[in-house]
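# Report on the structure
Listed below, chain by chain, are the residues.
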Amino acid sequence: MTLLLIEQILNGLQYGMMLFLMAAGLTLVFGVMGLINLAHGSLYMLGAFVCAAVAGFTGSFWLGLVASLIASAAAGAVIEVAVIRRLYARDHLDQVLATFALILVFSEGCRWVFGSSPLFLTVPAVLSGAVTFPGGLQYPLFRLVIIFVGLAVAGGLFWLIGGTRLGVRIRAGEADRGMIAALGVDISRLYTIVFALGAALAGIAGALVGTLQSVQVGMGEPVLILAFVVIVIGGIGSIKGALIGALLVGMTDTMGRFLLPMGFAQIMDPAAARGVGSALASILIYLLMAVVLVVRPQGLFGART
Amino acid sequence: MNITRETVVNSAVLALLVLVPVVAQLRGDPFTITLATKVAIFALAGVGLNLALGFGGLISFGHAAFFGIGGYVTGILASHAANYEPLFDGAFTVNGTQQMLLIWPIAIVVAGLFAVVIGALSLRTSGVFFIMLTLAFSQMIYYFAVSWPSYGGEDGLSFYTRNQFPELNMFDPLNYFWVCFTLLILAVGLSAMITRSRFGLALGGARQNPQRMASIGIRPFWLSLTIFVISAMMTALAGSLYADLNRFVSPAMLNWHMSGEIMVFVILGGNRRLLGPVAGAGLYILAEHLLGQFSDYWQFFLGLVLLAVVLFAPGGVIGILTRRRGDV
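The structure displayed is predicted, hence computed values, not measured ones. (Residues numbered from 1 in each chain as written. Chains lettered and ligands numbered in written order. Predicted model: local features only at pLDDT ≥ 70, side-chain atom pairs only at ≥ 80, totals over all residues. Heavy atoms only, no water.)

Quick look at the overall build of chain A now. For chain A, the helix and strand inventory stands at 11 helices and two strands. A compact globule built from 305 residues should have a C-alpha radius of gyration of about 19 Å, and chain A, at 20 Å, falls within 12% of that. The buried share of chain A, taken over its 305 residues, is 55%. For chain A, the proportion of contacts with a sequence separation of at least 24, taken over those separated by at least 6, is 77%. Working note: accessible area of chain A is about 12000 Å², and carbon and sulfur atoms make up 68% of it. Averaging the positions of the 15 positive and the 11 negative side-chain charges in chain A gives two centres separated by 8 Å. (Helix = DSSP H or I, 4+ residues; strand = E, 2+ residues; numbered from the N terminus. Rg over C-alpha atoms; globule rule 2.2 N^0.38 Å. Buried < 20%, exposed > 50% of the residue type's maximum accessible area, 1.4 Å probe, protein only. Contact = heavy atoms within 4.5 Å. Areas by Shrake-Rupley, 256 points an atom, 1.4 Å probe, with all protein chains shown as cover. Lys, Arg positive; Asp, Glu negative; His and termini not counted. Charge placed at Lys NZ, Arg CZ, Asp CG, Glu CD.)

The next thing to look at is the confidence of the model for chain B. Looking at chain B, pLDDT values average 90 and 98% of them are 70 or higher. Across chain B, the secondary-structure element scoring lowest on mean pLDDT is strand β1 (residues 88-89) of chain B, at 76, and the one scoring highest is helix α9 (residues 220-246) of chain B, at 96. (pLDDT = per-residue confidence, 0-100.)

With that settled, consider the nonpolar core. Most often, soluble globular proteins keep nonpolar side chains buried together rather than apart. Of all hydrophobic cores here, the largest spans 217 residues; its most connected members are F20(A) and L38(A). Counting residues per element, this core draws most heavily on helix α2 (residues 30-55) of chain B, at 16 residues. With residues up to four places along the chain from it excluded, the contact list for L38(A) reads V96(A), T99(A), F100(A), I103(A), L224(A), F228(A), F61(B) and W256(B). (Core = buried A, V, L, I, M, F, W, Y, C linked by side-chain atoms within 4.5 Å.)

Once that is clear, we can look at the UniProt feature "transmembrane region" (unreviewed entry) in chain A. All names here are of chain A. Here, the residues flagged by UniProt with the feature "transmembrane region" (unreviewed entry) are residues 12-36, 43-63, 69-88, 100-121, 141-161, 190-212, 224-250 and 271-295. Secondary structure content for residues 12-36 is 88% helix and 0% strand, while the C-alpha to C-alpha distance between its ends is 26 Å. Its end C-alpha atoms 18 Å apart, residues 43-63 is made of 90% helix and 0% strand. (UniProt positions renumbered as here; feature names shortened; annotations may be inferred.)

Taken together, the side chains of I244(A), L248(A), L300(A) and F301(A) present a nonpolar region at the surface, about 270 Å² in accessible area. In this structure, L300(A) sits in the segment after α11 (270-295). (Patch = residues over 30% accessible without salt bridge, like charges linked within 9 Å, V, L, I, M, F, W, Y side chains within 5 Å. Salt bridge = Lys/Arg side-chain N within 4 Å of Asp/Glu carboxyl O.)

Turning to the packing of aromatic side chains, a few remarks are in order. Residues and elements named next belong to chain B. All chains considered together, the criterion is met by 27 aromatic pairs over all chains. Their ring planes at 70 degrees and their centres at 5.1 Å tell us that Y142 and Y143 sit as a pair that is edge-to-face. An aromatic cluster is built from F42, F67, Y242, F265, Y284 and W298, whose rings are joined through pairwise contacts. (Phe/Tyr/Trp six-rings, centres within 6.5 Å; stacked < 30°, edge-to-face > 60°.)

Contacts between chain B and chain A engage 43 residues on the former and 44 residues on the latter. Together chain B and chain A conceal approximately 4100 Å² of surface at their shared face, both sides included; 83% is due to carbon and sulfur atoms. When the buried surface of chain B facing chain A is broken down by residue, F129(B), W256(B) and Y297(B) rank first, second and third, together holding 17% of it. Applying the counting rule to chain B against chain A returns zero salt bridges. In this structure, the connection of chain B to chain A is made through two residue pairs in polar contact (both at pLDDT 80 or more). Elements represented by at least two residues in the side of chain B that touches chain A include exactly α5 (128-147), α10 (256-269) and α12 (298-312) of chain B. For the side of chain B that touches chain A, the element with the most residues is α5(B), which contributes 13 residues. Taken together, the residues of the side of chain B that touches chain A sort by class into 31 nonpolar, nine polar and three charged. (Buried area = accessible area lost by both parts, 1.4 Å probe. Polar contact = N/O pair within 3.5 Å; in protein donor to acceptor, adjacent residues only side chain to side chain. Nonpolar A, V, L, I, M, F, W, Y, C, P; charged D, E, K, R; others polar.)

Bringing the pattern of salt bridges into the picture now. Scanning the model with the defined rule gives five salt bridges over all chains in all. The salt bridge partner of R85(A) is E80(A), with a shortest N-O separation of 3.3 Å. Of the residues examined, E80(A) reaches a relative accessible area of 0% and is grouped as buried. For the salt bridge of E6(B) with R273(B), the shortest nitrogen-to-oxygen distance reads 2.9 Å. Here E6(B), found in helix α1 (residues 5-26), pairs with R273(B), found in the loop between α10 and α11 (276-294); they are 267 residues apart in sequence, far enough to count as distant. A relative accessible area of 21% means that E6(B) is categorised as partly exposed. Given the relative accessible area of 22%, R273(B) is considered partly exposed.

Residues and elements named next belong to chain A. Inspection of every chain in the model, using the stated rule, returns three cavities of 30 Å³ or more. Volume-wise, the largest cavity comes out at about 50 Å³. In terms of lining residues, the largest cavity is bounded by L38, G41, S42, M45, I103, S107, G218, G220, E221 and L224. Listing elements by their share of the lining of the largest cavity, those giving two or more residues are α2 (40-58), α4 (92-114) and α9 (220-234). Broken down by class, the residue content of the lining of the largest cavity amounts to four nonpolar, five polar and one charged. (1 Å grid on protein atoms, 1.4 Å probe; cavity = no way out; pocket = protein on both sides within 12 Å on 5 of 7 lines; lining within 4 Å. Points joined across faces, edges and corners; volume = space filled by probe spheres on them.)

All names here are of chain A. Relative to the 46 Å expected for 32 residues at 1.5 Å per residue, helix α1 (residues 2-33) spans 45 Å between its end C-alpha atoms, a close match to the ideal helical length. Along its length, α1 reaches its greatest deviation from straightness, about 25 degrees, at M22. Among the 32 residues of α1, 23 are classified as buried, and the element is accordingly described as predominantly covered. A positive backbone phi angle near 65 degrees is found at G34, which sits one or two residues after α1. (Expected span 1.5 Å × (residues − 1). Bend = angle between axes of the 7 residues up to and from the residue.)

Attention now moves to the side chain of S68(A). All names here are of chain A. Position of S68 relative to the elements: it lies in helix α3 (residues 61-82). From its side chain, S68 meets the backbone oxygen of L65 in a polar contact 2.8 Å long. The contacts of S68, once residues within four sequence positions are left out, are G47, V50, C51, G203 and A207.

All names here are of chain B. Under the UniProt annotation, the feature "transmembrane region" (unreviewed entry) is placed at residues 40-59, 64-82, 102-121, 128-145, 176-195, 216-242 and 297-321. With 80% helix and 0% strand, the stretch residues 40-59 has end C-alpha atoms that lie 23 Å from each other. In residues 216-242, helix accounts for 85% and strand for 0%; the two terminal C-alpha atoms are 42 Å from one another.

Here we come to helix α10 (residues 239-265) of chain A. Given a rise of 1.5 Å per residue, 27 residues ought to cover 39 Å, and the 39 Å separating the end C-alpha atoms of α10(A) matches this to within 8%. Residue G256(A) marks the point of greatest curvature in α10(A), where the axis turns by about 35 degrees.

And the structure:
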């Protein structure tokens with residue numbers, strides 16, 4: 001029982017880290033450019049498809065990973081220049097619609113190029129297998145790697161935002177776009193860089209998750225909505241908020257699915273308990289978000305109102 | 001009454017929507033009648049959303065919830081009636097029903113109750129948070145429908161006969177089209193009445209400048225909540241009709257993609273135009289049908305068209321058609 005619980009906690013952590021990779025890009029783009037980007041999930045999907053296709057072609061997961069990173073960053077830069085740039089001055093409704101249109105284009109485009117049947121990615125031999133913890137718990141190495149990649153990206157982002165010149169500019173752009181443009185920073189190039197950075201993070205997340213589940217059209221959408229839940233809970237524009245929010249959502253979802261059916265089994269018959277428990281578990285994170293927003297409308301770490 | 005270009009365009013849109021199924025009937029083509037019925041139903045959902053989105057300025061990204069609730073109320077009532085199982089059997093008995101005239105008000109009231117709760121909570125926020133909260137609530141209902149096994153869960157719920165309307169054979173596609181079309185016209189009329197009323201004017205004020213409304217003693221919250229609920233009820237009626245059209249409800253009706261599509265109907269036709277959603281839904285179904293014939297990947301092109309409309313023609317189709325020379 002304890003082992004199972006620890007395993008579920010690790011699963012929640014891994015899920016949370018994957019969500020963080022998605023949410024980090026989303027929150028940066030929203031915080032800096034004030035843009036709601038529904039197409040973020042498409043970049044995640046693109047990353048997974050490119051990784052699976054390249055890995056299938058060359059036989060190397062690592063080449064696939066690099067290719068997915070490049071492809072999603074490039075796709076991000078292209079759509080920023082072609083479409084997204086025209087949306088900064090528009091209201092949220094136009095942003096929602098235009099990026100919804102991008103989802104249609106990306107999803108059907110992927111189906112066109114890669115076919116309708118799902119692709120599969122295998123974990124490279126070095127990272128497959130399980131790690132045995134003291135106490136006897138066995139846990140897949142690859143999931144641990146995802147947790148560490150998430151932590152590394154979080155560290156890297158904190159350093160980037162807090163400790164580099166680019167980070168200073170990004171923060172300045174968040175605070176007052178007119179002022180930093182007046183100070184001579186090329187704001188549109190800065191925006192393209194931020195957007196491509198967010199896209200690359202989404203692409204990595206897609207490639208990593210592609211090894212855990214099948215790679216198919218539409219895989220980005222559930223994750224996208226969860227990533228939105230994460231940044232709304234954490235506070236829009238805050239990397240720290242995205243990290244805390246992602247862990248909170250990952251844990252709540254995983255533990256809810258694990259504990260609720262067991263809890264209900266104490267008071268009703270097992271079949272009904274499974275139904276009620278899983279129904280309730282699936283809405284738990286949305287309840288969490290609603291509660292956070294009603295109590296603290298700007299999110300846990302949000303500065304703006 | 002002065003005749004503006006918008007009046008002309010509106011009349012043309014409605015005339016087209018009536019003509020297509022009538023001609024199809026004469027040519028013995030029930031498929032086209034069903035397509036036109038679908039347009040009328042989607043248009044009704046859009047007219048509902050347009051009240052909140054266009055006239056109220058409330059960007060609801062969760063109207064699929066109300067569309068789906070309308071559908072599920074219909075499906076649940078009809079399947080209970082078909083199986084002679086009471087809905088509730090205790091101190092008193094509640095039976096299902098197959099009468100549209102009973103189903104509609106129940107669907108509308110149930111969705112309205114949901115809308116009161118969702119609206120009251122979501123309206124505590126604004127901007128992007130409002131969009132996300134409405135989305136979150138609709139996803140909540142979606143996942144609930146997926147994982148709740150009693151009414152089909154993920155597989156959805158079929159009911160085998162279309163529900164009944166007094167004195168009319170609902171299996172005749174043209175009759176069913178007339179029912180849907182009449183409801184659409186009533187909804188459009190109601191929208192026109194609402195937007196021209198004192199309430200509608202105050203609502204427009206609240207959309208453009210909430211502080212100013214508050215300063216003259218009108219609380220924007222109540223205006224917004226009222227229009228949100230009315231909007232949800234119309235969309236729920238459309239959901240009920242849609243369920244009856246297909247004799248099937250599934251969680252897909254609740255999915256956020258549906259919310260996006262209803263939004264697309266409104267914007268494609270023209271936001272805040274009375275008949276915008278009708279033109280938008282018509283174009284959408286037409287595009288689905290025509291593009292679908294020449295490519296399996298029609299959504300790819302639909303996406304490009306939509307992108308072009310949002311970027312370059314914010315007024316939608318009716319906006320383009322009614323634009324005078326020299327207007328920008």
